[in-house]
Amino acid sequence: MNAKKILGTILCAVIAITALTGCAGSGKKKVGISMPTKDLQRWNQDGDYMKQKFEAAGYEVDLQYAGNKADTQLSQMENMINSGCKVLVVAAVESTSLGTAIDKAAAKNIPVIAYDRLLMDNANVAYYATFDNYKVGQIQGEFVRDTLDLDNAAGPFNIEFTAGDPGDNNASFFFNGAMDVLKPYIDAGKLVVVSGQTDFSSVATPEWSTATAQSRAENIIGSNYADKNIDAWLCSNDSTAQGVVNALDSRYNGEWPIITGQDCDIVSVKNMLAGKQTMSVFKDTRTLAERTVTMASQILDGKTVETNNTYNNNAKEVPSYLCDPVFADINNYKQILIDSGYYKEADLA
Ligand code: GAL
C-alpha cells in the first residue's frame with residue numbers, strides 16, 4: 001500500500017466511525033435542535049437552556065434558528081440528519097411543512113421530538129414536549145371573566161381578540177381555550193365584540209408579529225372606538241399584546257382595557273409593571289428544556305419515555321408530556337420570575 005492509499009484507508013475508517021458514533025472525534029452523541037426564530041425572546045431562552053442541559057448531560061449540540069422560514073428549517077433539519085444527529089428537537093415555524101425531513105429522519109431511526117409546537121400530519125413524529133396549550137387560553141379567558149366579574153356585573157363590556165399564527169398548531173388551542181370560557185358571555189350579550197371579529201381566522205396574527213398585531217389593532221380602534229371604551233383585549237401571547245399596547249398608546253383615548261398575554265417576555269413584564277398589560281402566562285422554558293432533555297435521553301438509552309398525555313396530529317396520537325402554565329401578574333411576578341432566578345430585578349428596570 002502506498003502512502004496515498006494508507007491515507008485514504010484511514011480517512012474512510014474515520015468517516016465510518018464518525019457516522020456510527022454520530023459525532024466527529026468526541027464520541028458524544030449529537031442532538032439537533034431547530035428553533036423557529038431569534039426574533040422572540042422565548043426561543044432564544046429555549047435554545048440556550050436546551051444546549052446547556054444537553055451538554056451537561058454529555059451530548060454534543062447542533063442548535064439552529066430558522067429565521068421564521070419553513071424551507072430554511074427543512075434544510076437545517078436535513079443537514080442535522082446528514083451530519084449524524086441521533087435525535088432532533090424541533091419547534092416548527094409551520095406545523096405541516098416539515099414532513100419530508102421527519103420522514104428522512106425516521107428512515108435513519110432518528111426520533112423527532114416536537115418541541116412546544118406540535119408537528120402535524122405526520123405519523124413519524126416520535127414525541128411531543130409542551131405546555132398545556134388549551135389551559136393557557138383558559139387561564140386568559142378566566143382572567144377576563146373574573147376581572148370583569150361577568151357573572152354578576154351588569155355590563156355589557158366591550159372586548160376584542162388578537163390570536164396567534166395560523167401556521168402554529170398552538171395558536172388555535174390558546175384561542176379555543178379562551179373562547180370556550182368567553183363565548184357564553186358573548187352569546188348572552190354581556191360581552192360585545194364591537195369590531196364583529198370573533199373567528200380565529202379574522203383575529204389571527206401571522207408569525208405572531210408585534211407590528212401586524214399593532215396595525216390591526218389601530219384599524220379596529222380607529223373604526224370602532226372613537227367614542228367607546230374597550231374593556232378587555234384578549235391577546236394570545238406577549239408579542240401580540242405588545243402590538244395592541246402600542247396601538248392603544250397611539251390611537252386610543254378611552255379607559256385602559258384589561259390586556260392578556262403569555263410568555264412573561266421582559267418587554268411585557270415591564271408593561272405589566274407600567275400598568276399597560278394586565279397579566280401574562282408564565283411557561284418556564286427551563287422546565288420544558290429539562291423535560292425535553294429527559295425525554296431525549298430516555299429515548300436514546302432505550303428506557304421507558306415518560307409522558308402524561310397524547311395530542312392528535314392528524315396522523316397519530318403523539319405521546320406527549322404537558323408541563324403546567326402559571327398565571328402571572330404584578331402581584332406574583334416577583335415570586336415566580338425573580339425568586340426563581342428566571343430574571344434579575346435589573347432585567348425589568
Ligand atoms: C407559541 C408558543 C408561545 C409563543 C408563540 C410565539 O407556539 O407556545 O409561547 O411564544 O408561539 O412565538
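Just above, that's the structure.
These figures come from a predicted structure and were not determined experimentally.

1. A look at the overall build of the chain
Within the chain, the regular secondary structure consists of 12 helices and 13 strands. With respect to the three principal axes, the spread of C-alpha positions in the chain is 90 × 45 × 35 Å. Sequence-distant contacts, at least 24 apart, represent 70% of the contacts inside the chain between residues at least 6 apart. About 14,700 Å² of surface is accessible on the chain, with carbon and sulfur atoms providing 50% of the total. The chain carries 30 positive and 42 negative side-chain charges, and their two centres are separated by 10 Å.

2. Considerations on the state of the cysteines
Per the counting criterion, the structure on display carries 0 disulfides. Of all cysteine sulfurs, the one in cysteine 235 lies closest to cysteine 264, which takes part in no disulfide; the gap is 14 Å. Counting only cysteine sulfurs, cysteine 264 is the nearest neighbor of cysteine 323, a cysteine outside any disulfide, at a range of 15 Å. Exposure remark for cysteine 323: the relative accessible area of 5% places this residue in the buried category.

3. Description of the nonpolar core
By size, the foremost hydrophobic cluster in this structure holds 41 residues, and its most contacted members are Phe54, Tyr115 and Leu337. It is helix α11 (residues 285-300) that contributes the most residues to this core, 6 residues altogether. Within the second largest apolar cluster, 27 residues are counted, among which are Val136, Ile159, Ala178 and Trp208.

4. Brief notes about the sheet that holds strand β12 (residues 317-323)
The mixed open sheet is built from 7 strands, whose spatial order is β2-β1-β3-β4-β5-β12-β11. Unpaired on one side and paired on the other, β2 (60-65) and β11 (309-312) mark the two borders of the sheet. Shown here is a sheet whose adjacent strand axes are inclined to one another by a mean of 25°, direction ignored. As defined by bridge partners, strand β3 (residues 85-90) adjoins strand β4 (residues 112-115) across 3 bridges and the pair is classed as parallel. Residue pairing across strands places valine 90 opposite alanine 114, the latter belonging to β4. Across the face of the sheet, helix α2 (residues 41-56) comes into contact with β1 (30-35), β2, β3 and β4 while running at roughly 170° to β2.

5. Brief notes about the site of the ligand
Around the ligand, 13 residues are found, and the nearest of them are Arg42, Asp116, Arg117, Asp168 and Asp263. In the environment of the ligand, an oxygen atom lies 2.6 Å from a nitrogen or oxygen atom belonging to the side chain of aspartate 116. In the environment of the ligand, an oxygen atom lies 3.1 Å from a nitrogen or oxygen atom belonging to the side chain of asparagine 170. Summarising the interface, the protein chains cover 99% of the accessible area of the ligand, which totals 310 Å² for the free molecule. Of all the secondary-structure elements, those providing two or more residues to the shell around the ligand are α2 and α6 (169-187).

6. What about the packing of aromatic side chains?
Evaluated as defined, the whole model comprises 9 aromatic pairs. Measuring from ring centre to ring centre gives 6.1 Å for phenylalanine 161 and phenylalanine 175, while their planes differ by 80°; the resulting arrangement is edge-to-face. Residue phenylalanine 161 is located in strand β6 (residues 157-162), and its partner phenylalanine 175 is located in helix α6; the two are separated by 14 residues in the primary sequence. The buried category is assigned to phenylalanine 161, whose relative accessible area is 0%. Owing to a relative accessible area of 5%, phenylalanine 175 belongs among the buried residues under this scheme. The ring of tyrosine 65 carries the charged tip of lysine 38 above its face, separated from the ring centre by 4.5 Å. Its guanidinium or amino end placed over the ring of tyrosine 321, arginine 291 lies 3.8 Å from that ring's centre, counting from NZ or CZ.

7. Focus on the pattern of salt bridges
Here the idea is simple: oppositely charged side chains can pair when their charged atoms come close. Under the definition given, this model contains 14 salt bridges. A salt bridge links arginine 251 to glutamate 218; its shortest N-O distance comes to 3.7 Å. Taken as a pair, arginine 251 in helix α9 (residues 238-251) and glutamate 218 in helix α8 (residues 210-224) lie far apart in primary sequence, 33 residues in all. A salt bridge links aspartate 284 to arginine 286, with the nearest nitrogen and oxygen atoms 2.8 Å apart. Here aspartate 284 matches arginine 286 in class, with each residue buried. Among the ionic contacts, a cluster of salt bridges with common partners joins Arg42, Asp46, Asp116 and Lys283.

Conventions adopted
- Residues numbered from 1 in each chain as written.
- Predicted model: local features only at pLDDT ≥ 70, side-chain atom pairs only at ≥ 80, totals over all residues.
- Heavy atoms only, no water.
- Helix = DSSP H or I, 4+ residues; strand = E, 2+ residues; numbered from the N terminus.
- Contact = heavy atoms within 4.5 Å.
- Areas by Shrake-Rupley, 256 points an atom, 1.4 Å probe, with all protein chains shown as cover.
- Lys, Arg positive; Asp, Glu negative; His and termini not counted.
- Charge placed at Lys NZ, Arg CZ, Asp CG, Glu CD.
- Disulfide = S-S within 2.5 Å.
- Buried < 20%, exposed > 50% of the residue type's maximum accessible area, 1.4 Å probe, protein only.
- Core = buried A, V, L, I, M, F, W, Y, C linked by side-chain atoms within 4.5 Å.
- Pairing = 2+ DSSP bridges.
- Axes fitted to C-alpha atoms, helices over the stretch in contact; angles between N-to-C directions.
- Near = heavy atom within 4 Å.
- Polar contact = N/O pair within 3.5 Å; in protein donor to acceptor, adjacent residues only side chain to side chain.
- Phe/Tyr/Trp six-rings, centres within 6.5 Å; stacked < 30°, edge-to-face > 60°.
- Lys NZ or Arg CZ within 6 Å of the ring centre and 35° of its normal.
- Salt bridge = Lys/Arg side-chain N within 4 Å of Asp/Glu carboxyl O.

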